[in-house]
Amino acid sequence: MATVVRILERNSTIMEEVFERHKLAEEDRHREFDASVKIQAWFRAARVRAYIKYLHRCANIVQKVWRGYLGRGIFRELVKQQVMIMRMNYYNAMATKIQKIWRGYYTRKYVHNYYSRKQYLEGLMVKNEIIRNELAEYTEQKAADRQHAEAIAAQKKLLEEASKRHYLISTEVVPSIYNSPFKPHPDEMEFILRSVQPRPPTGPKPKRDNRSGIIVPQSPPLPLSEPLPPIAQKLQGPFRPPNEVLKQRFKALQPTLRVQTSFTSVDEAREAMKAKEWVMRVNDNIFEPFTRRTVPYESYLHTTSKYGHLPYGTRYFREENLAQHITSSNFKTVVSPIPVFEKLNDTYAKGTDTVPGNPV
Amino acid sequence: MSSRQVLQVFEQYQKSRTQFVQTIAELSSRPQNIEILQNAGVMSLLRPLLLDIVPTIQQTAALALGRLANYNDDLAEAVVKGDILPQLVYSLAEQNRFYKKAAAFVLRAVAKHSPQLAQSVVDCGALDALVICLEEFDPGVKEAAAWALGYIARHNAELSQSVVDAGAVPLLVLCIQEPELSLKRISASALSDICKHSPELAQTVVDAGAIAHLAQMILNPDAKLKRQVFSALSQIAKHSVDLAEMVVEAEIFPAVLTCLKDIDEYVRKNTATLIREIVKHTPELAQLVVNAGGVAAVVDYVGESKGNVRLPGVMMLGYVAAHSENLAMAVIVSKGVTQLAITLAEEPEDHIQAAAAWALGQIGRHTPEHAKAVAVANVLPKLLQCYLRADASEDLQTKSKKALKNILQKCVHLPALEPLLHDAPANILKHVVGQFSKVLPHDAKARRLFVTSGGLKKVQEIKAEPGSALHEYINTINNCYPEEIVRYYSPGYSEQLLERVEQYQPVA
């Protein structure tokens, strides 16, 4: 109670104080309210900001990680590409090198080999030299041939001229113009004149073709005959020339075929043939075919008539009377021919068609 | 009157006809008489005599007519207009060999002048008659017929085709094989005339087997025959590769080269022509000729001959060199360049010079090595002279300009280029300076020489339009040298120096 009393004691003041304080409170209420609002607002804002900041940080982290992830992926790609480019460059460089070496090799081997070209050109120069020498030789030879021909022609002309002027030759008494007595030696022409024959007198003028001017031969040329035998060797008198006589004297025996063969050669040959056949024969009985067909004899029209055989031509050729014959066998010559008679046709007389020494 | 007296009149008439014709024939062999004879109306008098009953008079009249027609184309035309040809052609089949010869002579004399006259000879059916004459036994008739056919075929492709169509070629080939030289000569010439127009005609001649027979006669000692043989072979070879190869396959090669040394200059010329026609087709054929030593022989031939005879040899060298650098090198090692340079210097005629210039251009255009070989022979100034000469023909100018350009574009042999710096016109100078601008940046010695020989000074004096190729070349050259040197050699430098002397204030 004391407290209440004390309070009541002080009541007057308290009331005033309460009033005072209410008044103060009432006066400051708006300010304080505003202030508190402000404080609250600030606090709340701060908190929200802090939260947002937090969120941002979180987002940053997420983004950082994500971007890092993506970036690394891209980077890897880039590196890959870079490496690929590097490699491609390298490969290309190497390919170029290979191509270069191959092309060099190929060209040197097949397209343009410096050494083979050089060799070829050297060979060509040698060949050219050979050709030049050959051609030079050829021209030289041709020139020599020409010169030779000209010399021969000139010589021939000179001789012709000389034979034309053969009358200028000096005689023993009268020296010619080429053999001047005032000179130590006669002229060269003099010797040439001595060596040639004078030109024979020209024959009748050859007949020329009216239009073309070609010389027409008088008549067709005679066939070439053997030259006549030399006259000097012939002996005087009716003698044959010695070589002919000798030829006749030492002529080898040239019997005719008739003389050479034996007179009985036909019979001998027949005998020999028979003997040979007998030797070769296996069986004396002649084989005959199993089916013996009898073919009717067809007589020839020429040799038969309806009156029977015509004996002429098969039996006999001329009429003969066998009854008058001395002997039944034919005559046979027993003496061999005489060789001298064989040569009866060979004569020495000229004018016949047989030539001595040539058996007919 | 007795019959003797009557016959005497006829005899007298015949005698005087004969005398007249013979005199006319003799007179017409001299050119100075022909005009008088023409004015006297000899044509109309000769024509009835062609139909005379006496063969001698006919022949002599034909001979006189042939001589007249041979003289000029007016008279030949008069023969055509006088309707004499059908008569001749008709009697060509009928009469004896002397008359045939004379008639073929008239046909030849008419056909020789112009394609129109030859055509009129063909039109009156002469070809068949002439071809029949080729089958005659007498070589003189064959000769005359071959000659006439050759003259007809000579003019153009159609006429020669008609000769071929008449079946003359196989008979001409047979004629070549006859023993008579003149017949061989004339039929070879006729074949040559037939082949020269077109590949097809040449092919028909080849198909008739002419090449083998022609090739056999290469070593014949008769020069005139050889001329015709080589001419025929070259006319065959000129058309196509195949034909040229067929000619080569007849194994003419080492033998032909000896004919380049023949005494007769036409044989030599035709031989060179043949080699040229063979060589011009392909590198392989050219190589074959080179390997046979043909280039050396031709080079010698070019050296030994003069004037127009040289021309085929010069062209042959050009053709060989044009095919490939290897062949061009072969020409160089066979001393062809020297010979061509001599030709270029010696020959007074433009067309030969042009050929030599062309050949040199073909040799020099391949590589710097080739260009050097050409330049060392001191050809460039001569070519330039040909190009600049006032009286040079257009052909020579273009050929020598092209040759110069070809050689210069490959030439890196600076001593030979230097003289050109001084006297070449702008369009040549461009190439010369261009070569310098290519070489100098890489060659220190050459740079030094270029200055000492006065080349740099000359280059500074050239007035080049800015932006042109020449200007660029000059800039490239200038960039190879220090600035002072370039300025020292620039024109007007001494004045500049003197000015500086005047303006210089000595330090007190």
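Looking at an unreviewed UniProt entry, chain B carries the name Sperm-associated antigen 6-like, with the source organism given as Saccoglossus kowalevskii.

An unreviewed UniProt entry annotates chain A as Spermatogenesis-associated protein 17-like originating from Saccoglossus kowalevskii.

Chemist: Describe the overall build of chain B, and please don't skip the residues or the numbers.
Modeler: On a plain count of helices and strands, chain B comes out with 35 helices and zero strands. Relative to the 2.2 N^0.38 estimate, which gives 23 Å for 508 residues, the radius of gyration of chain B is 34 Å and therefore markedly larger than a compact globule would have. In terms of overall dimensions, chain B has C-alpha extents of about 150 × 50 × 35 Å along its principal axes. Evaluated residue by residue, chain B yields a buried proportion of 53% over its 508 residues. Of the contacts made within chain B by residues no fewer than 6 positions apart, 70% connect residues no fewer than 24 positions apart. Mean positive and mean negative side-chain charge positions of chain B (48 and 54 charges, respectively) differ by 4 Å.

Chemist: Residues and numbers for the overall build of chain A, please.
Modeler: A tally of regular secondary structure across chain A gives eight helices and two strands. In sequence order, chain A lays out its α and β elements as α-α-α-α-α-α-α-β-β-α. When the 360 residues of chain A are sorted by exposure, 6% land in the buried category. Within chain A, residue pairs in contact and separated by at least 24 positions form 47% of the contacts whose partners lie at least 6 positions apart.

Chemist: Residue-level account of the interface of chain A and chain B, with values.
Modeler: Often, the extent of an interface is quoted as the loss of accessible area on bringing the components together. Every contact between the two is made by 15 residues of chain A and, on the other side, 23 residues of chain B. Together, the buried faces of chain A and chain B total about 1,900 Å²; carbon and sulfur atoms form 58% of this surface. Across the chain A-chain B interface, the total number found is two salt bridges. Inspection of the region where chain A meets chain B yields seven residue pairs in polar contact (both at pLDDT 80 or more). Residues belonging to the side of chain A that touches chain B are distributed by class as follows: seven nonpolar, three polar and five charged.

Chemist: Explain the side chain of Gln460(B) to me, and be specific about the residues and the numbers.
Modeler: Residues and elements named next belong to chain B. Residue position: Gln 460 is located in helix H32 (residues 455-461). Residue class for Gln 460 comes out buried when judged on its relative accessible area of 14%. When neighbours within four sequence positions are excluded, Gln 460 is seen to be in contact with Asn 478, Val 486, Tyr 489, Ser 490 and Pro 491.

Chemist: I'd like a description of unusual backbone geometry, backed by residues and values.
Modeler: Residue and element names in this part refer to chain B. Positive phi values are uncommon outside glycine, yet Asp 83 reaches one of about 55 degrees. Phi angles above zero are rare outside glycine, and Lys 335 is one such case at about 65 degrees. Mapped onto the elements, Lys 335 comes out in the loop between helix H23 (325-333) and helix H24 (336-346). Judged by relative accessible area, Lys 335 falls into the partly exposed class, the value being 48%.

Chemist: Lay out the domain arrangement of chain A in plain terms, naming residues and giving numbers.
Modeler: Taken domain by domain, chain A comprises domain 1 (19-112) and domain 2 (165-197). Here the C-alpha centre of domain 2 of chain A lies 141 Å away from the C-alpha centre of domain 1 of chain A.

Chemist: Which residues make up the packing of aromatic side chains, and what values do they have?
Modeler: All chains considered together, the criterion is met by twelve aromatic pairs over all chains. Seen from their ring centres, Tyr114(A) and Tyr115(A) are 5.2 Å apart, and the 85 degrees between their planes marks the pair as edge-to-face. What makes Tyr114(A) partly exposed here is its relative accessible area of 48%. When its relative accessible area of 61% is taken as the criterion, Tyr115(A) is described as exposed. Here the guanidinium or amino end of Arg249(A) rests over the ring plane of Phe250(A), the centre of that ring lying 4.8 Å away. Above the plane of the ring of Tyr151(B) lies Arg108(B), whose end atom (NZ or CZ) is 5.9 Å from the centre.

Chemist: Break down the side chain of His281(B) for me, with residues and values.
Modeler: Residue and element names in this part refer to chain B. Structurally, His 281 is set in the loop between helix H19 (265-279) and helix H20 (283-291). Looking at His 281, its side chain comes within polar contact range of the main-chain oxygen of Ala 237, at 2.7 Å. Engagement of the side chain of His 281 in a polar contact is seen with the backbone oxygen of Glu 277, the distance being 3.3 Å. Sequence-distant contacts of His 281, that is, excluding residues within four places in its chain, are made with Ala 237, Lys 238, His 239, Ser 240, Val 241, Ala 244 and His 323.

Chemist: Kindly report on the packing of helix H13 (residues 181-195) of chain B against helix H16 (residues 223-237) of chain B, identifying the contributing residues and their values.
Modeler: Residue and element names in this part refer to chain B. Here H13 crosses H16 at 20 degrees, and the two axes come no closer than 8 Å. With respect to each other, H13 and H16 are oriented roughly parallel. Once H13 is placed against H16, the crossing between them reads as left-handed. Across the interface between the two elements, Leu 181, Lys 184, Arg 185, Ala 188, Ser 189, Ser 192 and Cys 195 of H13 pack against Lys 224, Leu 225, Gln 228, Val 229, Ser 231, Ala 232, Gln 235 and Ile 236 of H16. Here the contact of H13 with H16 is built from residues that sort into seven nonpolar, five polar and three charged.

Chemist: Can you lay out the domain arrangement of chain B for me, pointing to particular residues and giving the numbers?
Modeler: When cut into domains, chain B gives domain 1 (11-166) and domain 2 (428-489). Measuring from the centre of the C-alpha atoms in domain 1 of chain B to the corresponding centre in domain 2 of chain B gives 75 Å.

Chemist: How would you summarise helix H1 (residues 3-27) of chain B if you had to cite specific residues and measurements?
Modeler: Residues and elements named next belong to chain B. Here H1 is 25 residues long and its end C-alpha atoms lie 36 Å apart, about the 36 Å a rise of 1.5 Å per residue gives. Three or more residues of H1 are buried, namely Arg 17, Val 21, Ile 24 and Ala 25. Buried residues belonging to H1 abut helix H2 (31-39), helix H3 (42-50) and helix H4 (55-71).

Chemist: Could you give an account of the pattern of salt bridges, with specific residues and numbers?
Modeler: Per the stated rule, a full pass over the model turns up 30 salt bridges over all chains. A salt bridge links Arg132(A) to Asp300(B); the shortest N-O distance between them is 2.9 Å. Here Asp300(B) lies in helix H21 (residues 294-304) and Arg132(A) lies in helix H3 (residues 114-164), a pairing that spans two chains. Note on Arg132(A): relative accessible area 13%, which makes it buried. Sharing partners across several salt bridges, the network here consists of Lys306(B), Arg310(B), Glu346(B) and Glu347(B).

Chemist: For the nonpolar core, give the residues involved together with the corresponding values.
Modeler: Ranked by internal contacts, the top residues of the largest apolar core, which has 190 residues, are Leu130(B), Leu214(B), Ile275(B) and Ile278(B). By residue number, the principal contributor to this core is helix H7 (residues 97-111) of chain B, which donates ten residues. In contact with Leu214(B), other than residues within four places in its own chain, are Ile176(B), Ala188(B), Val229(B), Ala232(B), Leu233(B) and Ile236(B). In this structure, Tyr178(A), Met189(A), Leu193(A) and Val196(A) belong to the second largest nonpolar core, which totals six residues.

Chemist: Would you mind going over the environment of Ser189(B) in detail, with residue names and values included?
Modeler: Residue and element names in this part refer to chain B. With respect to the helices and strands, Ser 189 occurs in helix H13. The spatial distance from the C-alpha of Ser 189 to the C-alpha of Tyr 151 is 9.3 Å, given a sequence separation of 38 residues. Setting aside chain neighbours within four positions, we find Ser 189 in contact with Arg 154 and Gln 228.

Conventions used here
- Residues numbered from 1 in each chain as written.
- Chains lettered and ligands numbered in written order.
- Predicted model: local features only at pLDDT ≥ 70, side-chain atom pairs only at ≥ 80, totals over all residues.
- Heavy atoms only, no water.
- Helix = DSSP H or I, 4+ residues; strand = E, 2+ residues; numbered from the N terminus.
- Rg over C-alpha atoms; globule rule 2.2 N^0.38 Å.
- Buried < 20%, exposed > 50% of the residue type's maximum accessible area, 1.4 Å probe, protein only.
- Contact = heavy atoms within 4.5 Å.
- Lys, Arg positive; Asp, Glu negative; His and termini not counted.
- Charge placed at Lys NZ, Arg CZ, Asp CG, Glu CD.
- Buried area = accessible area lost by both parts, 1.4 Å probe.
- Salt bridge = Lys/Arg side-chain N within 4 Å of Asp/Glu carboxyl O.
- Polar contact = N/O pair within 3.5 Å; in protein donor to acceptor, adjacent residues only side chain to side chain.
- Nonpolar A, V, L, I, M, F, W, Y, C, P; charged D, E, K, R; others polar.
- Domains from an automatic or database assignment.
- Phe/Tyr/Trp six-rings, centres within 6.5 Å; stacked < 30°, edge-to-face > 60°.
- Lys NZ or Arg CZ within 6 Å of the ring centre and 35° of its normal.
- Axes fitted to C-alpha atoms, helices over the stretch in contact; angles between N-to-C directions.
- Parallel < 35°, antiparallel > 145°, perpendicular 65-115°, else oblique.
- Left-handed = near helix turned anticlockwise from the far one by under 90°.
- Expected span 1.5 Å × (residues − 1).
- Core = buried A, V, L, I, M, F, W, Y, C linked by side-chain atoms within 4.5 Å.

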